[in-house]
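Given next are the chains, with one letter for each unit.
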Amino acid sequence: MGTAGRFQAAMSRFIGMAALLAVSFGGRFSSQPGLPASSLPDTVITIRANSSTLEFDPPAIAARQGTRLRLRFVNEGTLPHNLVITRDEEDIDSLAAAASRAGKDFVPHALEAKLVAWTPLASPGQTVEVTFVVPPPGVYTYVCLMTGHTNSMMGTLRSLR
Ligand SMILES: [Cu+2]
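Residues numbered from 1 in each chain as written. Predicted model: local features only at pLDDT ≥ 70, side-chain atom pairs only at ≥ 80, totals over all residues.

**Student:** Looking at this structure, I do not really get the overall build of the protein chain. What am I missing?
**Tutor:** Check the secondary structure of the protein chain and you find 2 helices and 8 strands. Moving toward the C terminus, one meets the helices and strands of the protein chain in the order α-β-β-β-β-α-β-β-β-β. Out of the 161 residues in the protein chain, the part that is buried amounts to 32%. Pairs at least 24 residues apart make up 74% of the contacts formed inside the protein chain by residues separated by at least 6 positions. (Helix = DSSP H or I, 4+ residues; strand = E, 2+ residues; numbered from the N terminus. Buried ≥ 20, exposed ≤ 12 C-beta atoms within 10 Å, placed from the backbone. Contact = placed C-beta atoms within 7 Å.)

As structure tokens, this is what we get:
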């Protein structure tokens, strides 16, 4: 095999791998706003949205404080959703109102200081993710801030000592 042939074989292997990756990840990827995508997580937890229900599956997760947690949000539902972790659940109503006004990804970027982490909006069939350092011990509520979803689409992250 000549140089050109080896190059072609290498290229076709590369294209095959890229196609495999695209299939296994199913769509857009993001690590914003937390740690760089190259930052290796200590833990990966997958949360799903299913069918047309406004629920996170599972509705409760736990991780150790100070560790790097990668949340992978798989939207297998029929509606777009995001996953936003709030510092204080008292803020949820005002965050939802700001998200509605913001539109687009339904993340209230002007109020980022009130958020632990968030994913971009995931269309049906998409997987998005975010990696962040688990905040101090306590219970943090995660919600979808799409207009009309917030009151039922909720879950809790328990940060463990
Ligand atoms: Cu939603």
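**Student:** I'm lost on the confidence of the model for the protein chain in this one. Help?
**Tutor:** The predicted coordinates should not be examined in detail at positions where pLDDT is low. Looking at the protein chain as a whole, the pLDDT averages 85, with 77% of positions reaching at least 70. Low confidence marks residues 14-32, where pLDDT is under 50. Its contacts with residues over four positions away, or in another chain, come to 21 contacts. (pLDDT = per-residue confidence, 0-100.)

**Student:** Sorry if this is basic, but what is going on with the nonpolar core here?
**Tutor:** One finds Leu 83, Val 84, Ile 85, Trp 118, Tyr 142 and Leu 145 to be the most contacted residues of the largest nonpolar core, which totals 34 residues. Counting only elements with at least two residues in this core, the list comes to strand S1 (43-51), strand S3 (68-77), strand S4 (84-86), helix H2 (92-102), strand S5 (115-118), strand S6 (127-133) and strand S7 (138-143). Once residues lying within four places of it in the same chain are set aside, the contact partners of Leu 83 are Ile 47, Leu 71, Phe 73, Trp 118, Thr 119, Tyr 142 and Cys 144. (Core = buried A, V, L, I, M, F, W, Y, C linked by C-beta atoms within 7 Å.)

**Student:** Would you mind going over the environment of Ala 60 with me for this structure?
**Tutor:** As for its position among the elements, Ala 60 is in strand S2 (residues 60-64). When near neighbours in sequence (up to four residues on either side) are disregarded, Ala 60 contacts Gly 155 and Thr 156.

**Student:** Is there a simple way to explain the pairing of S3 in this structure?
**Tutor:** Taken residue by residue, a regular strand's side chains alternate between the two faces of the sheet. By the criterion of burial, S3 is predominantly enclosed, with 7 of the 10 residues buried. Sheet analysis places S1 next to S3, joined by 9 bridges and oriented parallel. Across the sheet, Asn 50 pairs through a bridge with Glu 76, a residue of S3. (Pairing = 2+ DSSP bridges.)

**Student:** In this structure, what is going on with the sheet that holds S2? I would like to understand it.
**Tutor:** Across the sheet, 5 strands lie side by side as S2-S8-S7-S4-S5; this open sheet has mixed pairing. The open sheet has two edge strands, S2 and S5, and neither has a second partner. Between one strand and the next, the sheet's axes are offset by a mean angle of 25°, whatever the strand orientation. Strand direction decides the pairing type here: S2 and strand S8 (residues 154-160), joined by 5 bridges, are parallel. Bridge pairing links Ala 62 to Arg 158 in S8. (Axes fitted to C-alpha atoms, helices over the stretch in contact; angles between N-to-C directions.)

**Student:** Can you help me understand unusual backbone geometry in this one?
**Tutor:** Leaving glycine out, the prevailing phi sign among residues is negative, and the prevailing peptide bond configuration is trans. Asp 57 connects to Pro 58 through a cis peptide bond whose omega is 5°. Among the secondary structure elements, Pro 58 is positioned in the loop between S1 and S2. Positive phi outside glycine occurs at Lys 104, with the angle close to 55°. Relative to the helices and strands, Lys 104 is located in the loop between H2 and S5.

**Student:** Which parts of the structure should I look at to understand the sheet that holds S3?
**Tutor:** Backbone-to-backbone hydrogen bonds join strands into a sheet, with any given pair of strands oriented parallel or antiparallel. Read from one edge to the other, the open sheet built from 3 strands follows the order S1-S3-S6, with strand pairing classed as mixed. The open sheet is flanked by S1 and S6, the only strands paired with a single partner. The average undirected angle you get between the axes of adjacent strands in this sheet is 20°. Bridging between S3 and S6 involves 7 bridges; their strand directions are antiparallel. When the sheet's bridge partners are listed, Arg 68 is paired in S6 with Val 133.

**Student:** Explain H2 to me, please; I cannot follow it from the model alone.
**Tutor:** It helps to recall that an α-helix has 3.6 residues per turn; residues three or four apart then point in one direction. Regarding H2, the residues found buried are Leu 95, Ala 96 and Ala 99. End-on, the buried residues of H2 take up no more than an arc of 100°, which puts them together on one face. The outward face of H2, more than 90 degrees from its buried face, is lined by the exposed residues Asp 93, Ser 94 and Arg 101. Considering only its buried residues, H2 is in contact with S4. (Arc of directions from axis to C-beta.)

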